[in-house]
Amino acid sequence: MYVKRRALGRFVAAAAAVSIIAIGAVVVASQATYRTLGGQPSGAYLVSTNQMITPVGRVERLEGARPKDIALSPDGRTLAVLATARVALFGADGEPRGQVAMGGGPLGVAWSPAGDTLYVSGGNGRVSLLSDRDGAWKSVGTLAVEPAGARPPRGQPANPQPTGIAVAPDGKRIYVALSVRNAVAELDVAGLAVTRTFPVGVCPYRILLSPDGRTLYVANRGGAVPPAEADGTELSAGTPVRVDRRTDAALRGSLSVVDLATGAATDVPVGRQPSGLALSRDGRTLYVANSDGDDLSLVDTASLRETGRLTLRPPRDPGFGQMPTAVALSADGRRLWVACGGANAVAAVDLAPGPRVTGWFAAGWYPVAVAAGGDGRLYVASTKGIGARPAGRTGGLGVHDSVGTVQFVAPGDVADIAAQTRRVAANNRWRPTLQARRGRKPVPVPERVGEPSVFRHVVYIIKENHTYDSTLGDMPEGNGDASLTLFGEQVTPNHHALAREFVLLDNTYTSGTNSADGHQWTSSSVANGYMEQNYSANVRSYPYNGGDPLAYSPAGFLWNAAAAEGVSVRVYGEFVNRPRIVGPDPGRRPTWKELWDDYRSGAGRYQITADTDNVALRPFLHPRFIGFPSIVSDQWRADQFLADLDAFEKSGTMPSLCILLLPNNHTSGTSPGMPTPRAAVADNDLAMGRIVDRISHSRFWRETLILIIEDDSQLGLDHVDGHRTLAFCVSPYTRRGAVVHEPYNHTSLVRTMGLVLGLPPMNRFDRTGQPMTACFTTRPDWRPFVHRPARVRLDELNPPTRALKGERRRLAAASLRQDWSDVDRVNPTVVARAVWSACRPAEPFPWRKFDPPAEPDGDD
């Protein structure tokens, strides 16, 4: 439910002076002195992207929900906030006025001209109508956005995914963007029917009507629909999208301008992934925020041409990552306010004498919507708010414990824009780029890109879904809570041995939330605006394994960065979205047991091959190493890499960067016929141990750094933060037996790899990531690692439901009913309870510690 809390904007003055050095200070002393995620003594919040959060103005919390869009009523008195699980309503001063429970889409909320009805794009593929009835806001009906009986085009989801909404000035018609259909529907409000549908570009999101209601402007994230025979395209939700062949990311955005009298649409090229629209007061200029271009397009509405483009990248924070998500024009028409999701800030753009950025003020974590009132007030919704910091929670925290924020900003709050800009600079660690120095001695992690490292090889292992406490909470050496541990040392002896023999990282976090954005963070050190907007609304795609060019960073992935610098790279399983397993019966998917028996016997009855839609990745991809599905044991995956390592030994040459996906600690819940949760995790533990063992006994050991982390931290709870996760740093130069409390995250690992291999930062996040220097010493210890054998049978299978009783039987049946055909299509509550009952059968499920998302996004 919505809970009103204190105004977070009343930060003490010290928050403005948070030093860039202090944010990343190396603290390896007592646990009482080091910095963890969440609230800081200054009143700020540290989040898992290595940024401080200090939102200005009155700040209201949305407990358990992420805001997606906002709309100010025509009289300026009420703000409607579309969130993942509800629509919340506030007075213009921030006082709550009610809420309606519903599942929203990526965005889309608009008022009727009279201000008595709200139109909201729902996650169910319809538009909901909300109205104030006797002093309480309620749902009063829904509207279909497609004609009855309409069938989706081949390759498209059934849900058309309604997004942006615009209402005609007379209130008789509404216009709804259909993201999946590449169209806008015109709906007759009185007749409750679709009257026209206008084809537009790929993935329309925000839309805007001209004041006279004659022209509709549509921001298309994927640009114009290319011809069917066009080269250089990849599919997004069944539609071709032009891509950058260097990175596989969507290449172009466009603006569809629809003449509503004739229905004709004109395509206007703009920047990458346009996501926000605002008209000048005279209607002559349309301002378009391009989230993947970090800029604003200026479009002349008479000639329908882009006349200019304004960058939003600060000079001291270059590289992709500002991600403008929305734009609003001030009441006097002199200034644009641009929500910059990646900067956790709102940029001020003065329009006269010419558009220029004059400063920023601090927002919550990832602002996605901004609105301007006639009295000069501003309203800002930040989807991740202050992070996974629910009010009043005792015990464990989950990564989906979202607390979104809505800011109510008075003109006086941002009057001193220079002071506000200094705060934003400190929050984001803005700093100049330093060039490499000559004559430096090799060290484990150089200070600057281009300076020498003792390492020539990096092996980067990505795993799935665990919090720190779920696996290492039983280690007394670190800051753990054993009461939350599901897979302790009996199940994960190699995890524990690596943490003890090398370095225990007990303050490392996932930057994302689930597998869809987690794999973007692990492989590209950023999740773009499309990904953040689609949290809990993954109708178009769930791109944990690729398959959607709109989800990719325009700055590319680690393999692109390595190739650009001439650094050799080999990828094992990551972004393999076309795995094939072919056996004696090609028409039937084999069971885990059949594949396991075939593996153990060496019969080779099943052929496993890997492929991907990402053309730029294919040259570096191992042809047989697949990621998911988890019916393949991680021992088979380990064997594929170790066979390559044997060949590297013989040739004397090993790729500089190897990226491996070991996914089976994801588990399959208690689904009958699949490994028990502890067997799945033990399989993953042994595979990881074998790989580290073999590398450490190879000729490459002295010059190799092994970095390991989870892509997300959904499976389990953590007493520090739901984002806290497992990570390992293994090398001859690692500080043996140390406990490092420095706050690290995905960007830290990527930044460390970049410094070691001489890769320039891909974006602002790995550029400002905290290198893992506290993990290393200049005095090497050449002792290898010896893996521990599994203490749990890897073929211990979940029993059939008929063999169980009571709660365990009910949970097993519920787990079996889940969609396990692909990763993260299951209900997280069901899986969490099933795994808990399997691992800790004598203890009741800790409901007081567990609070799943109010509207699960299908991720576990």
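Residues numbered from 1 in each chain as written. Predicted model: local features only at pLDDT ≥ 70, side-chain atom pairs only at ≥ 80, totals over all residues. Heavy atoms only, no water.

Caption draft 1: Molecular detail of the overall build of the chain. When its secondary structure is counted, the chain shows 14 helices and 44 strands. Its C-alpha radius of gyration of 26 Å places the chain within 12% of the 29 Å reference for a compact globule of 860 residues. Principal-axis analysis of the C-alpha atoms places the extent of the chain at approximately 75 × 65 × 55 Å. Residue burial in the chain is summarised as follows: out of 860 residues, 64% are buried. Summed over its atoms, the accessible surface of the chain is roughly 29200 Å², and 50% of this surface lies on carbon and sulfur atoms. Each charge class in the chain was averaged separately, 94 positive and 84 negative side chains, and the resulting centres sit 2 Å apart. (Helix = DSSP H or I, 4+ residues; strand = E, 2+ residues; numbered from the N terminus. Rg over C-alpha atoms; globule rule 2.2 N^0.38 Å. Buried < 20%, exposed > 50% of the residue type's maximum accessible area, 1.4 Å probe, protein only. Areas by Shrake-Rupley, 256 points an atom, 1.4 Å probe, with all protein chains shown as cover. Lys, Arg positive; Asp, Glu negative; His and termini not counted. Charge placed at Lys NZ, Arg CZ, Asp CG, Glu CD.)

Caption draft 2: Summary view of the environment of Pro 675. Looking at the secondary structure, you find Pro 675 in the loop between strand S40 (657-661) and helix H10 (677-696). The exposure class of Pro 675 is buried, given its relative accessible area of 7%. In this view, Pro 675 contacts Trp 592, Gly 669, Ala 680, Leu 794, Glu 796, Leu 797 and Asn 798; residues no more than four positions away in its chain are not counted. (Contact = heavy atoms within 4.5 Å.)

Caption draft 3: Layout of the nonpolar core. Counting residues in hydrophobic clusters, the biggest one holds 118 residues, and the most contacted among them are Tyr 460, Trp 559, Leu 657, Met 753, Met 772, Cys 775 and Phe 776. Take this core: its biggest share by element is six residues, from helix H11 (residues 746-757). Setting aside residues up to four positions removed in sequence, Met 772 forms contacts with Leu 505, Leu 707, Cys 729, Tyr 744, Ser 748, Leu 749 and Thr 752. Phe 502, Phe 641, Met 688 and Ile 691 belong to the second-largest nonpolar core, a separate cluster that totals 35 residues. (Core = buried A, V, L, I, M, F, W, Y, C linked by side-chain atoms within 4.5 Å.)

Caption draft 4: Examining the packing of aromatic side chains more closely. In this structure the tally under the stated criterion is 23 aromatic pairs. Ring plane angle 80° and centroid distance 6.4 Å describe the contact between Phe 502 and Trp 701, whose orientation is recorded as edge-to-face. In this pair, Phe 502 is assigned in the loop between helix H4 (493-501) and strand S35 (503-505) and Trp 701 in the loop between H10 and strand S41 (704-710), connecting sequence segments 199 residues apart. The two residues Phe 502 and Trp 701 agree in class, both being buried. A ring pair is formed by Tyr 552 and Phe 575, whose centres lie 5.9 Å apart and whose planes are at 40°; its orientation type is tilted. Taken together, the positions of Tyr 552 in the loop between helix H6 (529-533) and helix H7 (558-564) and Phe 575 in the loop between strand S37 (569-572) and strand S38 (580-582) put the pair 23 residues apart, joining distant regions of the chain. (Phe/Tyr/Trp six-rings, centres within 6.5 Å; stacked < 30°, edge-to-face > 60°.)

Caption draft 5: Main features of the side chain of Thr 239. The residue Thr 239 is located in strand S20 (residues 239-242) in this model. Here Thr 239 is in contact with Gln 156, Val 180, Asn 182, Val 202, Val 225 and Glu 234, once residues within four sequence places are set aside.

Caption draft 6: Structural context of helix H5 (residues 515-524). Most of H5 is tucked away: 10 of the 10 residues are buried. Three or more residues of H5 are buried, namely Ser 515, Ala 516, Asp 517, Gly 518, His 519, Gln 520, Trp 521, Thr 522, Ser 523 and Ser 524. If you check the start of H5, you find a side-chain oxygen 3.2 Å away from the backbone N of Ala 516, and it comes from Asn 514. Just downstream of H5, Ser 525 is the residue with a positive phi angle, here 65°. (Polar contact = N/O pair within 3.5 Å; in protein donor to acceptor, adjacent residues only side chain to side chain.)

Caption draft 7: Here's a closer look at the packing of H5 against H11. Interhelical geometry of H5 versus H11 gives an angle of 25° and a closest axis separation of 8 Å. Comparing their axes, H11 and H5 come out roughly parallel. Here Gly 518, Trp 521 and Thr 522 of H5 come into contact with H11, specifically with His 746, Thr 747 and Val 750. Taken together, the residues that form the contact of H5 with H11 break down as two nonpolar, four polar and no charged. (Axes fitted to C-alpha atoms, helices over the stretch in contact; angles between N-to-C directions. Parallel < 35°, antiparallel > 145°, perpendicular 65-115°, else oblique. Nonpolar A, V, L, I, M, F, W, Y, C, P; charged D, E, K, R; others polar.)

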